[in-house]
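Architecture at a glance
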Amino acid sequence: MQMTDSKQLYQEVILDHNRKPRNWGVLEGATHKAEGHNPLCGDHLKLTLRLDKNSVDAINVEGESCAICKASASMMTTVVKGKTRGDAEQLVQEFRDMATGKLDHEHQPHHLGRLTVFAGVRDLPTRVKCAILPWHTLHAALNAQESTTTEADADPMHTPLGNA
Ligand code: ZN
C-alpha cells in the first residue's frame, strides 16, 4: 500500500469513528472495568466489559479524549467483542508492539487485521500513548486493576505491560 493511501485510510477511519464511536457509553452488568489516563494529552477513558465463559461478551468505552484515542478505543471495542480473554490480551500486546515500532506489521505475523491502520502513530511519538491508552485500559480491566495511566511510561518504547 502506498504511503498516501494508508494516510488517507487512517484519516478516514479516525473521522468515521469520531463521528460515530462504536460501543460508546457505560455497559450495564459489567463484570470488569477500568479507567485510563494519558496526562500527556488529557485523554481519560472509562472502560466496562462483560466476560462470559472467558469471552468478551460486551465491551463499552466512554470518556474525554482526542480523536486518535477515541478512534482507537472505538475500533478496539469492535475487534475485541466476541474474542476470548487470551486473544484479547494477545491483541493488546500486538497493538502495543505495532504502535511503538517493535512489530513490523507488514512482515511479521499478527492478528491485528484492520487495526494496522494505526501503524502510522509510531512516527508520531506524542500520539503513541493516545492510540495505546484504550488497550492499556483493556489490559487493566481484564486484570482487575481499577485504573491505569500512561504517566509512568517515560518511554513508551520500553514499557512492560506487567504480568498478565
Ligand atoms: Zn490523546
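Residues numbered from 1 in each chain as written. Predicted model: local features only at pLDDT ≥ 70, side-chain atom pairs only at ≥ 80, totals over all residues. Heavy atoms only, no water.

Moving on, we get to the coordination of the zinc ion. Every protein donor of the zinc ion is accounted for by Cys41 (SG), Asp43 (OD), Asp43 (OD), Cys66 (SG) and Cys130 (SG), and the metal-donor separations fall at 2.2 to 2.6 Å. The sequence pattern describing where the donors of the zinc ion fall on their chain is C-x1-D-x22-C-x63-C. Of the two residues, Asp43 is situated in strand S2 (residues 43-52) and Cys130 in helix H4 (residues 125-142); the sequence distance between them amounts to 87 residues. For the pair shown, Asp43 and Cys130 are each scored as buried. (Donors = N, O, S within 2.8 Å, 3.2 Å for Na, K, Ca; no water. Helix = DSSP H or I, 4+ residues; strand = E, 2+ residues; numbered from the N terminus. Buried < 20%, exposed > 50% of the residue type's maximum accessible area, 1.4 Å probe, protein only.)

Moving on: the side chain of Asn60. Its location among the elements puts Asn60 in strand S3 (residues 55-64). In this structure, Asn60 is in contact with Asn23, Trp24, Gly25, Val26, Leu27, Lys46, Leu47 and Thr48, ignoring residues within four places of it in sequence. (Contact = heavy atoms within 4.5 Å.)

With respect to the secondary-structure elements, Thr78 resides in helix H2 (residues 67-80). A relative accessible area of 28% means that Thr78 is categorised as partly exposed. Spatially, the C-alpha atoms of Thr78 and Asn23 are 7.6 Å apart, while their sequence positions differ by 55 residues. Residue contacts for Thr78: discarding those within four places in its chain leaves Arg22, Asn23 and Arg114. Of note is the side chain of Thr78, whose polar atom sits 3.1 Å from the side chain of Arg114. (Polar contact = N/O pair within 3.5 Å; in protein donor to acceptor, adjacent residues only side chain to side chain.)

All right, on to the nonpolar core then. By size, the foremost hydrophobic cluster in this structure holds 43 residues, and its most contacted members are Phe95, Phe118, Trp135 and Leu138. Elements that contribute at least two residues to this core include exactly helix H1 (3-19), S2, S3, H2, helix H3 (85-99) and H4. For this core, the element with the most residues is H4, which contributes 10 residues. (Core = buried A, V, L, I, M, F, W, Y, C linked by side-chain atoms within 4.5 Å.)

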